[in-house]
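# Coordinate analysis (summary)
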Protein chains: 2
Amino acid sequence: MKIKVSIVEDEPLIKDGIVNLLNSSEGFICEHTYSNAEDAILDIPNKKIDVVLMDIHLPGMSGIECVEKLKPKCPKTQFVMFTSFEETENVFQSLKVGAAGYLTKTSQSNKILDAIVDVYNGGSPMSSHIARKVVDSFASKNQNTNLQKLTKREQEILDYLSKGYRYKEISNSLFLSTDTVRTHIRNIYEKLQVNSRVEALNKVRN
Amino acid sequence: MKIKVSIVEDEPLIKDGIVNLLNSSEGFICEHTYSNAEDAILDIPNKKIDVVLMDIHLPGMSGIECVEKLKPKCPKTQFVMFTSFEETENVFQSLKVGAAGYLTKTSQSNKILDAIVDVYNGGSPMSSHIARKVVDSFASKNQNTNLQKLTKREQEILDYLSKGYRYKEISNSLFLSTDTVRTHIRNIYEKLQVNSRVEALNKVRN
DNA sequence: CAAAAAATACGCAAAAAGTGGTATTTTTTT
DNA sequence: AAAAAAATACCACTTTTTGCGTATTTTTTG
């Protein structure tokens, strides 16, 4: 089984280079290529492509937008961004909209093939620097200063609020009177400077 | 400038091995070690450690919890998890609570030193497989099937709900009657099978 | 063009949430 | 031991949300 690869790249030299590399390597096949995002969006959903190499800088629609549109239509297809330099912010954005990894255009042939096999097997090829950005973006949400203002009990009750429980349901769950629950909630709102559940949750869930 | 490293590991053989490796390598120094999470929590905040190697499986409190407690107190210190095998779920959890990367205990000496330098320089050493898990966890939030059930207008109104707006505030913002807003919200709840704002938001915000 | 979907709107009633005041007991901190 | 903070509880009142029914106009789709 060969890995079916497509490439979206406007520079013919680079595109042809990659196509040659793929078709002359064992285990890869590249039959469809596109020189802009618009064409790719129209055609890729009709082919069953395993891996798409996507240039970030394209004429017209960017490669990032292109992934954003394509990924929902082809959830099984893996997208690997193809960048000139290590453009941290762009790569980061790409991962957010559904790309699985990225490659720099200066990579050596074997690195490129490795990366394609890697995404195909469920990995995310990326530098450790980008990896850190990604890790940070979902780790930071822990030490929430607003949450720390609340007492244990208040945090517990807020947790029930976040599940959509009613006062009565909370009081039953915690064996308290509803009035006590109301008091706690009033204090929570006071501390967080809000006047409703949703606002309170927004304050603690960044 | 040497990189100051600490290690939290209950197995003396492994711990001593690492300490030896570090102190006999150029650019590293390891003066403080701990054989359990509790001791580490008490002492590490007092030292200015650059990188902590943290075993996941410790007697008593786990290494994951240990990072969770320590990271807020020492935001500049980088934590690298130290695992026996590639335990995907545990590593993933560790990253969530503040670790920057991980190492397997079977790594070769030079890989270990490389990883320490890497985190110290702002990278996140990890396999491409773990990287994918991390990427997925923050990318998935896009094609939310529940959100897709809603019409444009309904999504727009849900967006206001998510900010804690009242019916009146929403209708004023959109130049609608509050009754129309109510109807939309009723339909949103119907489609999402919920009976309150918070529940609706939970359905679309995974 | 006909049918379906989406967006608009009104009314009534009940349930839930939010506001304000007050107070006692338990736990923690100084 | 005294003071402060946290957890508990009750009452009265207002505002907001939710539930259910119905209906017209506009837009989209087959």
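Residues numbered from 1 in each chain as written. Chains lettered and ligands numbered in written order. Predicted model: local features only at pLDDT ≥ 70, side-chain atom pairs only at ≥ 80, totals over all residues. Heavy atoms only, no water.

### Digging into the overall build of chain A
From N to C terminus, chain A includes 11 helices and five strands. Taken over C-alpha atoms, the radius of gyration comes to 24 Å for chain A, far larger than the 17 Å a tight globule of 206 residues would show. Taken along its principal axes, the extent of the C-alpha atoms in chain A is 75 × 35 × 30 Å. Within chain A, the proportion of its 206 residues that are buried is 48%. Taking all contacts inside chain A whose residues are at least 6 apart in sequence as the whole, residues at least 24 apart take part in 62%. Here chain A has roughly 10,300 Å² of accessible surface; of this, 49% comes from carbon and sulfur atoms. Side-chain charges in chain A split into 27 positive and 26 negative, and the spacing between the mean points of these groups amounts to 11 Å. (Helix = DSSP H or I, 4+ residues; strand = E, 2+ residues; numbered from the N terminus. Rg over C-alpha atoms; globule rule 2.2 N^0.38 Å. Buried < 20%, exposed > 50% of the residue type's maximum accessible area, 1.4 Å probe, protein only. Contact = heavy atoms within 4.5 Å. Areas by Shrake-Rupley, 256 points an atom, 1.4 Å probe, with all protein chains shown as cover. Lys, Arg positive; Asp, Glu negative; His and termini not counted. Charge placed at Lys NZ, Arg CZ, Asp CG, Glu CD.)

### Description of the protein's contact with DNA strand C
The environment of DNA strand C is made up of 18 residues, and the closest members are A:Arg182, A:Arg186, A:Tyr189, B:Thr151 and B:Ser177. Within 4 Å of the protein, the contacting atoms of DNA strand C are drawn from sugar and phosphate to the extent of 61%. B:Thr183 places a polar side-chain atom, nitrogen or oxygen, 3.2 Å from a base nitrogen of DNA strand C. Sorting the residues of the surface near DNA strand C by element identifies helix H10 (178-192) of chain A together with helix H10 (178-192) of chain B as the ones contributing at least two each. (Near = heavy atom within 4 Å. Polar contact = N/O pair within 3.5 Å; in protein donor to acceptor, adjacent residues only side chain to side chain.)

### Brief notes about the environment of B:Ile130
Residues and elements named next belong to chain B. Along the chain, Ile130 falls in helix H6 (residues 128-139). By relative accessible area, which is 1% here, Ile130 ends up buried. Along the chain, Ile130 and Ile44 lie 86 residues apart, while their C-alpha atoms are 27 Å from each other.

### Description of the interface of chain B and chain A
Of the residues lining the interface, 40 residues belong to chain B; the matching set on chain A comes to 38 residues. When chain B packs against chain A, the two sides together hide about 2,800 Å² of surface, and 53% of this comes from carbon and sulfur. If you sort the residues of chain B by the area they bury against chain A, B:Arg132, B:Phe138 and B:Val198 come out on top, with a joint share of 23%. Taken together, the links from chain B to chain A amount to zero salt bridges. For the pair chain B and chain A, the number of links is 14 residue pairs in polar contact (both at pLDDT 80 or more). Listed by contribution, the elements that provide at least two residues to the side of chain B that touches chain A are helix H3 (63-73), helix H4 (88-96), helix H5 (109-120), H6, helix H8 (152-162) and helix H11 (197-204) of chain B. Per-element tally for the side of chain B that touches chain A: the top contributor is H6(B), with nine residues. (Buried area = accessible area lost by both parts, 1.4 Å probe. Salt bridge = Lys/Arg side-chain N within 4 Å of Asp/Glu carboxyl O.)

### Let's talk about helix H6 (residues 128-139) of chain A
For H6(A), with 12 residues, the first-to-last C-alpha span of 16 Å sits near the 16 Å given by 1.5 Å per residue. Packing partners of the buried residues in H6(A) comprise helix H4 (88-96) and strand E5 (101-104) of chain A together with strand E4 (78-83), H4, H5 and H6 of chain B. (Expected span 1.5 Å × (residues − 1).)

### Quick word on the sheet that holds strand E3 (residues 51-55) of chain B
Residues and elements named next belong to chain B. Read from one edge of the open sheet, five strands run E2-E1-E3-E4-E5, paired in parallel fashion. The open sheet has two edge strands, strand E2 (28-34) and strand E5 (101-104), and neither has a second partner. Taking each pair of neighbouring strands and ignoring which way they run, the sheet shows an average axis angle of 25°. Of the strands in this sheet, strand E1 (3-8), E2, E3 and E4 are in contact with helix H1 (residues 12-23), which crosses E2 at around 160°. Against the sheet, H3 touches E3 and E4, its axis set at about 175° to E4. (Pairing = 2+ DSSP bridges. Axes fitted to C-alpha atoms, helices over the stretch in contact; angles between N-to-C directions.)

### Observations regarding the relation of the copies chain B and chain A
Overlay of chain B on chain A (RMSD 1.2 Å): rotation 179°, translation along the axis 0.4 Å. Both copies are brought into coincidence by an operation consistent with a two-fold rotation axis. A share of 95% of the interface residues of chain B reappears at the interface of chain A, consistent with the copies meeting face to face through the same patch. (Least-squares fit on C-alpha atoms with pLDDT ≥ 70 in both.)

### Considerations on the protein's contact with DNA strand D
Residues in contact with DNA strand D amount to 18 residues; listed here are only the nearest, A:Thr151, A:Arg153, B:Tyr167, B:Arg182 and B:Arg186. What you see for DNA strand D is that sugar and phosphate hold 60% of its atoms within 4 Å of the protein. Separating a phosphate oxygen of DNA strand D from a side-chain N or O atom of A:Thr180 is a distance of 3.0 Å. The side chain of A:Thr183 places a nitrogen or oxygen atom 3.3 Å from a base nitrogen of DNA strand D. Breaking the surface near DNA strand D down by element, the ones donating at least two residues are H10 of chain A together with H10 of chain B. With five residues, the single largest contributor to the surface near DNA strand D is H10(A).

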